[in-house]
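Results of the structural survey
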Amino acid sequence: MKVKTWLVGLGLSGVLGFSMPALAEMVIGVSVSATGPAAALGAPQRNAASIMPKTIAGEPVKVIILDDASDPNVASRNARNLVESQVDVILGGSTVSNAFATTEVAVEAKTPVFGMSPAKVPDPVKAQWVFPVAQDNTLMADALIEHMAANNIKRIGVIGFADPYGEDWLKAVQEKTAAKEIEIVTVEKYNRSDTSVNSQVVKLIATRPDAVLILASGTPAALPHIALSERGYKGQIYQTHGAAGAEFLKAGGKAVENGIFVIGPLLINHLLPEDAATKQSSNEFIEMYTAEFGPESISTFAGHVYDAWALLEQAVPQAKQAGEPGTEAFRVALRDALENAQEVKGVHGVFNMSPTDHFGHDERARYLVRVKNGQFELVD
């Protein structure tokens, strides 16, 4: 309750305007989907941002948290409020659509953006300012398609969001399946806010695919999985890293048993060896987050906020050499430093950025898991 009240206060100040920060104070703006259809993604991100350290590389930090209600138009307004308040960096949005809306505004103000979703900004000039901390869909798709090929799956059906997240995943899957000679027999789409996908699932089953891949995120990803189970579909069902989480498992119940997910390392930290690259970072974040929000609260999406902070820890000292927080010189130098971040250990992988790769992840950022008895277990 204490946290909720504090966040509301920040939200109101986002509407009414903020006082100018002190010269040495770094200001981080956060605009995520704390409510609405994408709340399973954004609410944990809001929570994580509320408990992150109030200093970065020794610099005092002020955090402004706004809710975009899963609406790209609100995300755009939030971004405008934040840049007018001279934030030094923005974290947002929780969905690809909202990330695009945030980026449009932030780039005009030369403000770096940490994408909380795997959004690929098509404009190369604007993309220079965006650093997604969620894993690249192409990297994650490769692991799923490799598993399909190894298990002699030749024909798959696809159902996914009719939005940029679903489209980017579909593009990645089409490239990977073509290379493995796996046929996509049908592609069906639905919206995050839909309450039924019965007609799409009937069409999927009619094509008799060996497996079905669901390209969706958060709890809405459970909808087609449940429908397929209810109609007796016996083939393997695959899900993306955008769906992996306790909220999904709760929403899907027994219907999602045996589903295979590609997943980042945070949620399965307890299953990883002690020498895993992300082990120490994950232990630290899990202890901090669960102490505040409960033992069962840890979330993939909350972890993206930690990773943004880890990247800033390395980048801020370099940016400070060019100017003080609150200045364009600092923001530009921060962007440059982030682009050259090396061996930054987060909870979802190890970041090695470059001018041509603002995701920065490698295979250490992905694992395959299967749902067994309502829990994730590693796939051999």
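Structure: above.
1. Focus on helix α9 (residues 222-230)
When α9 is considered as a whole, its buried residues turn out to be A222, P224, H225, A227 and L228. Packing partners of the buried residues in α9 comprise β7 (155-161), β8 (183-190), α8 (198-206), β9 (211-215), β10 (236-239) and α10 (246-252). Where α9 ends, the next residue or the one after it, G232, has phi of about 80 degrees, a positive value.

2. Examining the layout of surface pockets
Computed from the structure, the largest pocket encloses a volume of approximately 480 Å³. Of all the elements in the fold, those that place two or more residues in the lining of the largest pocket are α10 and β15 (375-378). Among the elements that make up the lining of the largest pocket, the one with the highest residue count is α10 (four residues). Residue composition of the lining of the largest pocket, grouped by class: nine nonpolar, five polar and three charged. Considered as a void within the structure, the second largest pocket measures approximately 320 Å³ in volume.

3. Thoughts on empty space enclosed by the protein
With the rule as written, the count across this model stands at two cavities of 30 Å³ or more. Of the voids in this model, the largest cavity is the one considered here, and its volume is about 110 Å³. Lining the largest cavity are 17 residues, and of these S117, P118, Y165, G242 and F301 lie nearest its centre. For the lining of the largest cavity, the class distribution of residues is seven nonpolar, nine polar and one charged. For the second largest cavity, the calculated volume is near 50 Å³. Around the second largest cavity, the lining residues are V158, I159, G160, F161, G166, E167, L170, V187, E188, K189 and L215. Elements with a minimum of two residues in the lining of the second largest cavity: β7, α7 (164-179) and β8.

About the thresholds
- Residues numbered from 1 in each chain as written.
- Predicted model: local features only at pLDDT ≥ 70, side-chain atom pairs only at ≥ 80, totals over all residues.
- Heavy atoms only, no water.
- Buried < 20%, exposed > 50% of the residue type's maximum accessible area, 1.4 Å probe, protein only.
- Helix = DSSP H or I, 4+ residues; strand = E, 2+ residues; numbered from the N terminus.
- Contact = heavy atoms within 4.5 Å.
- 1 Å grid on protein atoms, 1.4 Å probe; cavity = no way out; pocket = protein on both sides within 12 Å on 5 of 7 lines; lining within 4 Å.
- Points joined across faces, edges and corners; volume = space filled by probe spheres on them.
- Nonpolar A, V, L, I, M, F, W, Y, C, P; charged D, E, K, R; others polar.

Purely spatial values, then, with no claim about function.
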